Amino acid sequence: MKATGVVRRIDDLGRIVIPKEIRKTLRIKEGDPLEIFTDREGQVILKKYSPIGELSEFATEYAETLAKTTGHIACITDKDTVIAVSGASKKEYLEQSISKDLEKIMDEKEAYISKENNDVSIPVTQNDYKEKKNNSQVVYPIISDGDVIGSVILLSKDENTKMSEVEKKVVQSAASFLGTQMEL
């Protein structure tokens, strides 16, 4: 475990403040749920909770179905990382932190569709900033109980591929379905 050198006291209500630097590094925002664990040595461990992460096995199967059906790369993310990918190298996407651009799209609760194979495709992961990798993509946020919990992404590296209404509807349906699964 990494030491930070920061010491905080518990207040009379049992609360502790997580320093701003740590919240920023771990991308923890006000209102984000945290899981609390303890270990045998008596340490308290806080972990950012990912509701869609609990469906990771199901999300992987869903991504595989999307990739096979459409012939494109399919990714499913939570609010921080790519939790499922199919049709591309898992090393390139799986468990990689999402890009700031993708995070912004999810925060705005808006769909994103790159236009006509131009240079407006957004990076999916933080590592994608090095070069333009995706020529065409569709991104829909996964919304559960009014909160964004992740996204479904269909993308293509083929410069001749354009996303049609069919791909848009498929991704929208997938995001809607995953959102309703979290509400059950």
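Here we summarise the structure given alongside this text. All values reported here derive from a predicted model rather than from experimental measurement.

Calculation criteria
- Residues numbered from 1 in each chain as written.
- Predicted model: local features only at pLDDT ≥ 70, side-chain atom pairs only at ≥ 80, totals over all residues.
- Heavy atoms only, no water.
- Patch = residues over 30% accessible without salt bridge, like charges linked within 9 Å, V, L, I, M, F, W, Y side chains within 5 Å.
- Areas by Shrake-Rupley, 256 points an atom, 1.4 Å probe, with all protein chains shown as cover.
- Salt bridge = Lys/Arg side-chain N within 4 Å of Asp/Glu carboxyl O.
- Lys, Arg positive; Asp, Glu negative; His and termini not counted.
- Charge placed at Lys NZ, Arg CZ, Asp CG, Glu CD.
- Helix = DSSP H or I, 4+ residues; strand = E, 2+ residues; numbered from the N terminus.
- Pairing = 2+ DSSP bridges.
- Contact = heavy atoms within 4.5 Å.
- Axes fitted to C-alpha atoms, helices over the stretch in contact; angles between N-to-C directions.
- Buried < 20%, exposed > 50% of the residue type's maximum accessible area, 1.4 Å probe, protein only.
- Phe/Tyr/Trp six-rings, centres within 6.5 Å; stacked < 30°, edge-to-face > 60°.
- Expected span 1.5 Å × (residues − 1).
- Arc of directions from axis to C-beta.
- Parallel < 35°, antiparallel > 145°, perpendicular 65-115°, else oblique.
- Left-handed = near helix turned anticlockwise from the far one by under 90°.
- Polar contact = N/O pair within 3.5 Å; in protein donor to acceptor, adjacent residues only side chain to side chain.
- Core = buried A, V, L, I, M, F, W, Y, C linked by side-chain atoms within 4.5 Å.

**Structural notes on a positive patch on the surface**
A contiguous patch of positive charge, built from Arg8, Lys20, Arg23, Lys24 and Lys100, is present on the exposed surface. Assignment of secondary structure puts Arg8 in the segment before helix H1 (20–25).

**Observations concerning the sheet that holds strand S7 (residues 147–156)**
Read from one edge of the open sheet, 5 strands run S4-S3-S7-S6-S5, paired in antiparallel fashion. Bordering the open sheet on either side are strand S4 (82–86) and strand S5 (112–113), each of which pairs with just one other strand. Packed on one face of the sheet, helix H2 (residues 56–70) meets strand S3 (73–77), S4 and S7 and runs near 35° to S4. Strands S3, S5, strand S6 (136–144) and S7 of the sheet are contacted by helix H4 (residues 100–107), whose axis makes an angle of about 125° with S7.

**Structural notes on a nonpolar patch on the surface**
On the surface, a nonpolar cluster with roughly 310 Å² of combined accessible area is contributed by Ile36, Val44 and Leu46. Counting through the fold element by element, Val44 comes out in strand S2 (residues 44–48). A relative accessible area of 56% means that Val44 is categorised as exposed.

**Considering the packing of aromatic side chains**
Enumeration according to the criterion identifies 3 aromatic pairs in this entry. Look at Tyr62 and Phe177: their rings are 5.6 Å apart centre to centre, the planes differ by 25°, and that puts the pair in the stacked class. In this pair, Tyr62 sits in helix H2 while Phe177 sits in helix H5 (residues 165–183), placing the two residues 115 residues apart along the sequence. When its relative accessible area of 32% is taken as the criterion, Phe177 is described as partly exposed. Ring pairing ties together the aromatic residues Phe58, Tyr62 and Phe177, which thus form one cluster.

**Topic: H5**
Taking 1.5 Å as the rise per residue, H5 with 19 residues should run 27 Å; its terminal C-alpha atoms sit 27 Å apart, in good agreement. All of the buried residues along H5 are Glu167, Val171, Ala174, Ala175, Leu178 and Gly179. Projected onto a plane normal to the axis of H5, the buried residues spread over an arc of 130° and lie on a single side. For H5, the elements touching its buried residues are H2, S3, S6 and S7.

**A look at the packing of H2 against H5**
Where H2 contacts H5, the axes come no closer than 12 Å and their chain directions differ by 165°. By the criterion of interaxial angle, the relationship of H2 to H5 is roughly antiparallel. Note on packing geometry: the crossing formed by H2 with H5 is right-handed. Judged by residue contacts, Phe58, Tyr62, Leu66 and Thr70 of H2 engage Val170, Ser173, Ala174, Phe177, Leu178 and Gln181 from H5.

**So, the side chain of His72**
Within the secondary structure layout, His72 lies in the loop between H2 and S3. At 3.2 Å, the side chain of His72 forms a polar contact with the side chain of Glu167. Sequence-distant contacts of His72, that is, excluding residues within four places in its chain, are made with Ala67, Ser86, Leu154, Leu155, Ser156, Thr161, Met163 and Glu167.

**Quick notes on the nonpolar core**
Generally speaking, nonpolar side chains in soluble globular proteins are found buried as a group. Membership of the largest hydrophobic core comes to 21 residues, with the highest contact counts inside it found for Ile76, Ile142 and Val152. Only H2, S3, S4, S6, S7 and H5 provide two or more residues apiece to this core. Core analysis: the next-biggest nonpolar cluster, separate from the first, contains 16 residues, Ile73, Tyr93, Met106 and Val148 among them.

**Quick word on unusual backbone geometry**
We note that Glu95 has phi near 60°; this positive angle belongs to a residue other than glycine. Position of Glu95 relative to the elements: it lies in the loop between helix H3 (90–93) and H4. Judged by relative accessible area, which is 66%, Glu95 ranks as exposed. Although it is not a glycine, Asp145 adopts a positive phi angle of roughly 55°. Following the sequence through the fold, Asp145 ends up in the loop between S6 and S7. When its relative accessible area of 61% is taken as the criterion, Asp145 is described as exposed.

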